[in-house]
Amino acid sequence: MQALREDLPAINVTIGLQGSSLAGPAFYWADGSGVSPVQALLEGQFKSLRQRQVVFFAKKHWYVLKVFNPTSQPVTISLATGLPSTPFLRAYWVEENLETIFSLSAKQRFDERPVHYPLLFIPLEIPPATQKVLLLEHRSMANYPLSLRLLDDDNLQSKMSSFTLARGFVFGALFIFFVLFFAQCLASPSRALAFYCCYIGCLILLVGHIFGYNFAYLWPDHGIFNQRFMPFITGITYGFYFLFSASLFNLKALNLRLYRLMITLAVIAFILAIVNVFVEAFWLLAAAALVGLPVPVFIALWAKKQRLTSANLFFAGTVLHSTLSYLLALECLGLHLGYSYYLFSFLSAGQIVDLALFSTALLRQASELRKTLKEQLKQRLSDAQALAQAERAKAEVLIEQQHNALDLACATHDLNQPLAAIRFALALVDGGKNTPAKNHIVNTLNYTQELLQSMTNSGKVGYEQSWQKIYTHALFASLEARHASAFKDKPLMLRFKSTIQHFDAMPVIVQRILDNLLVNAGRYTSSGGVLLSVRRSEGGVLLQVWDTGIGMSPEKIEQFKQPFSQANTLAEQGFGLGLFIVKSLAEQAGYLLTIRSRIGCGSCVSLWVAQPSGVPRPK
């Protein structure tokens, strides 16, 4: 042991310890066979941390360093490990035997630590005029190494203040991203936004765990749960990252193979996350993540080739995300490149930049989508107005034909009056005797009356044909065929009721109005059902659509009669043209539209269609 003390370089603990790296004076050995660490020390198997060998599967990791206190007073310092927690860590003074001075296991509570900081510190007390050899026994999750630093009390406080400030900035940025896109998801729901919000939420929990805040503040009494939470939240985070990558460019419609591959990776990540709660299989999770990371990069390259919006931003984000993940993987696999102390800082800063790129990509996509949607809305409004004008013109033609038929009927009726008088006068000529002249006149009158009767019948047919009969059972059947599946998916009941067999109206306009009313009723009804009823009412026919939806205030009713107005309280939204189209069609066809509604109870939209009898409309 005396030879061991002389071979190791000593660290003077009385000189300002500002957290400098111990890669030079500290030595490392990876135990792959269960050899005694003292024997390994004596045999020279420990190597400088600068010359650390690559070890993929080590049972334990051992670190050794020598400290020296030349003063006549004891000195207390702290050894930083660079980790928030670890499954097993033990510290020994190497004397004739190994003297345990610190022990940590997964079962211990947070308040059982000697130093109550989110990161893990080992307190060391060095007696006066003494040099000691410190031996660390470590078993980590996924082979991640210790990043050893020595700090005195003053520098410890300063470092932790800087640590808290930097981590506060990271958490603040993450929460801003989460709140921003959660609000966006509520306003304009989409799968990409929903998965992105879940991804950011998982990142907040993952970063909180890496910084040690979860164990310190959320579950300080559950050490085993704290150890199992790390692989669990890592798997869930990667799962939502893969789902977000699959939904951003609508791969399900544009590239089904890539979509299925991403869904498969997400499912594997979720399954392995759950498995790690019960069995330590972090290596499988890490392998699945490393295999899956290039796929989002390939998706970004495919999107660039297709010239899709935000492809370049997504490509930059996926490359950065993959690079940071692979750097972490290299440390876990044992390929230590000397950056482990700064790696979590790199990951934190890189994650903020990564989220900024992904967020910008989503916002640009949303902007392009709004622009496209606006153009579609204008086109649909133009089509609706053109249809309404065409139906109006058709209605005017039918009304003109109706007036012409009535005028013709009146004219033939008026002409029949003098012809009947002439026929009556002829009967009195020549004492009522038939003569060839009288017979010729009578035959001429008969022919003339037959012509007038034929013209009257033609006017009657034209008048009747301007009003087409709509049979309620056929109307209900066509409406059910078009809307039943949408109502079944929610699920909602769609019912029909009629007290008449048929009525007269313009079929195209009636069906277009009822289609819009049923779509609106189904869209803003989350439970219950919708009823379409038809009945006679004061010389006309009353068609009513009843629903058990969210209801509307009088102000909202007037607002919804304008184009591009809709309720944003439900996730399912349309173009905001439904009631405007109904109002336009009803006005131009001469129908009476009324709306009654109560917030929270539902609505009733009524359409009164006058019948040929011409009875005044109801007030």
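Residues numbered from 1 in each chain as written. Predicted model: local features only at pLDDT ≥ 70, side-chain atom pairs only at ≥ 80, totals over all residues. Heavy atoms only, no water.

Caption draft 1: Representation of the pattern of salt bridges within the structure. Under the definition given, this model contains 8 salt bridges. Between Glu-112 and Arg-109 there is a salt bridge, with the nearest N and O atoms lying 3.5 Å from each other. Taking the relative accessible area as the measure of exposure, Glu-112 reaches 39% and is therefore partly exposed. Classification of Arg-109 as partly exposed rests on a relative accessible area of 35%. One salt bridge connects Asp-221 with Arg-109, and the closest N-O pair in it is separated by 4.0 Å. With Asp-221 in the loop between helix 5 (213-218) and helix 6 (223-248) and Arg-109 in the loop between strand 8 (98-105) and strand 9 (121-126), this pair connects stretches of sequence that are 112 residues apart. Classification of Asp-221 as partly exposed rests on a relative accessible area of 47%. (Salt bridge = Lys/Arg side-chain N within 4 Å of Asp/Glu carboxyl O. Buried < 20%, exposed > 50% of the residue type's maximum accessible area, 1.4 Å probe, protein only. Helix = DSSP H or I, 4+ residues; strand = E, 2+ residues; numbered from the N terminus.)

Caption draft 2: Looking closely at the packing of aromatic side chains. Per the stated rule, a full pass over the model turns up 30 aromatic pairs. Relative to Tyr-199, the ring of Tyr-196 lies with its centre 6.4 Å away and its plane at 35°, an arrangement referred to as tilted. One end of the pair, Tyr-196, and the other, Tyr-199, are both in helix 4 (residues 191-210), 3 residues apart, so they sit about a helical turn from each other. Exposure remark for Tyr-196: the relative accessible area of 0% places this residue in the buried category. Between Phe-314 and Phe-358, the ring centres sit 5.6 Å apart and the planes meet at 40°, which makes this aromatic pair tilted. Pair noted here: Phe-314 is in helix 11 (residues 311-333) and Phe-358 is in helix 12 (residues 340-426), with a separation of 44 residues, a long-range link. Taken as a pair, Phe-314 and Phe-358 share a single burial class, namely buried. Chaining the aromatic ring pairs together yields one cluster made of Phe-181, Tyr-196, Tyr-199, Tyr-238, Tyr-241, Phe-242, Phe-244, Phe-249, Phe-314 and Phe-358. One cation-aromatic arrangement involves Lys-132 over Trp-93; the distance from NZ or CZ to the ring centre is 5.2 Å. Seen from the ring of Phe-315, Lys-304 lies directly overhead, with NZ or CZ sitting 4.8 Å from the centre. (Phe/Tyr/Trp six-rings, centres within 6.5 Å; stacked < 30°, edge-to-face > 60°. Lys NZ or Arg CZ within 6 Å of the ring centre and 35° of its normal.)

Caption draft 3: Representation of empty space enclosed by the protein in the model. Across all of its chains, the model carries 1 cavity of 30 Å³ or more by this definition. Along the walls of the largest cavity sit Ser-85, Thr-86, Leu-104, Ser-105, Ala-106, Gln-108, Arg-109, Arg-113, Phe-215, Gly-223, Asn-226 and Gln-227, which together make up its complete lining. Breaking the lining of the largest cavity down by element, the ones donating at least two residues are strand 8 and helix 6. Per-element accounting of the lining of the largest cavity gives the leading share, 3 residues, to helix 6. (1 Å grid on protein atoms, 1.4 Å probe; cavity = no way out; pocket = protein on both sides within 12 Å on 5 of 7 lines; lining within 4 Å. Points joined across faces, edges and corners; volume = space filled by probe spheres on them.)

Caption draft 4: Just the pairing of strand 8, in detail. For strand 7 (residues 88-94) and strand 8, the ladder comprises 7 bridges, and the chain directions are antiparallel. Bridge pairing in strand 8 links Val-94 to Leu-98. Counted along the chain from strand 7 to the antiparallel partner strand 8, the turn is 3 residues long. (Pairing = 2+ DSSP bridges.)

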